[in-house]
Amino acid sequence: MKRSSKRGRHITIGVHRKDWNNEDYYPAYVEYGHGGPGPAPAHPYIRPAYDTRQDEAYEIIRDGLRDAIDQM
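These numbers were taken from a predicted model, which means no experiment stands behind them.

Asks: I keep staring at the overall build of the chain and nothing clicks. Help me out?
Replies: Counting its secondary structure elements, the chain contains three helices and two strands. Starting at the N terminus, the α and β elements of the chain follow one another as β-β-α-α-α. Taken over 72 residues, the chain has a buried fraction of 7%. Intrachain contacts of the chain at a sequence separation of at least 6 include 24% that bridge at least 24 residues.

Next up, the structure:
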């Protein structure tokens, strides 16, 4: 969660490259594939895992958002 004097508070959810501490950033390329110099097909793993445990994932996300908002 971030605060901004102009935009108020905002929360972003997801895997962002700037949050990745490694030089080897590739989760999105594995999940969705890519058409780079050596094209690779998609090998989804995040979405199927989420679909399998959707209710549990929803509760974890909901609780995390509540905690972030409560800490403000």
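From this point on, the discussion continues.
Asks: Just to check I follow, could you spell out the environment of H34 for this structure?
Replies: When you line up the elements, H34 lands in the loop between α1 (27-32) and α2 (46-52). If near-sequence neighbours (up to four positions away) are discounted, H34 is found in contact with Y29, P39 and A40. Among the polar contacts made by the side chain of H34, one reaches the main-chain amide nitrogen of G36 at a distance of 3.2 Å.

Asks: Is there a simple way to think about the confidence of the model for the chain in this case?
Replies: Any residue range with low pLDDT should be treated as having predicted coordinates unsuitable for detailed reading. Confidence in the prediction of the chain, expressed as mean pLDDT, is 81, and 76% of residues score 70 or more. Mean pLDDT across the elements of the chain ranges from a minimum in strand β1 (residues 2-4), with 64, to a maximum in helix α3 (residues 54-70), with 90.

Asks: When you look at the pattern of salt bridges in this model, what are you seeing that I'm missing?
Replies: Opposite charge on two side chains permits pairing when their charged atoms draw close. Under the criterion given, the structure shown has three salt bridges. Between R53 and E56 there is a salt bridge, and its shortest N-O distance comes to 2.6 Å. Exposure remark for E56: the relative accessible area of 39% places this residue in the partly exposed category.

What counts and how
- Residues numbered from 1 in each chain as written.
- Predicted model: local features only at pLDDT ≥ 70, side-chain atom pairs only at ≥ 80, totals over all residues.
- Heavy atoms only, no water.
- Helix = DSSP H or I, 4+ residues; strand = E, 2+ residues; numbered from the N terminus.
- Buried < 20%, exposed > 50% of the residue type's maximum accessible area, 1.4 Å probe, protein only.
- Contact = heavy atoms within 4.5 Å.
- Polar contact = N/O pair within 3.5 Å; in protein donor to acceptor, adjacent residues only side chain to side chain.
- pLDDT = per-residue confidence, 0-100.
- Salt bridge = Lys/Arg side-chain N within 4 Å of Asp/Glu carboxyl O.

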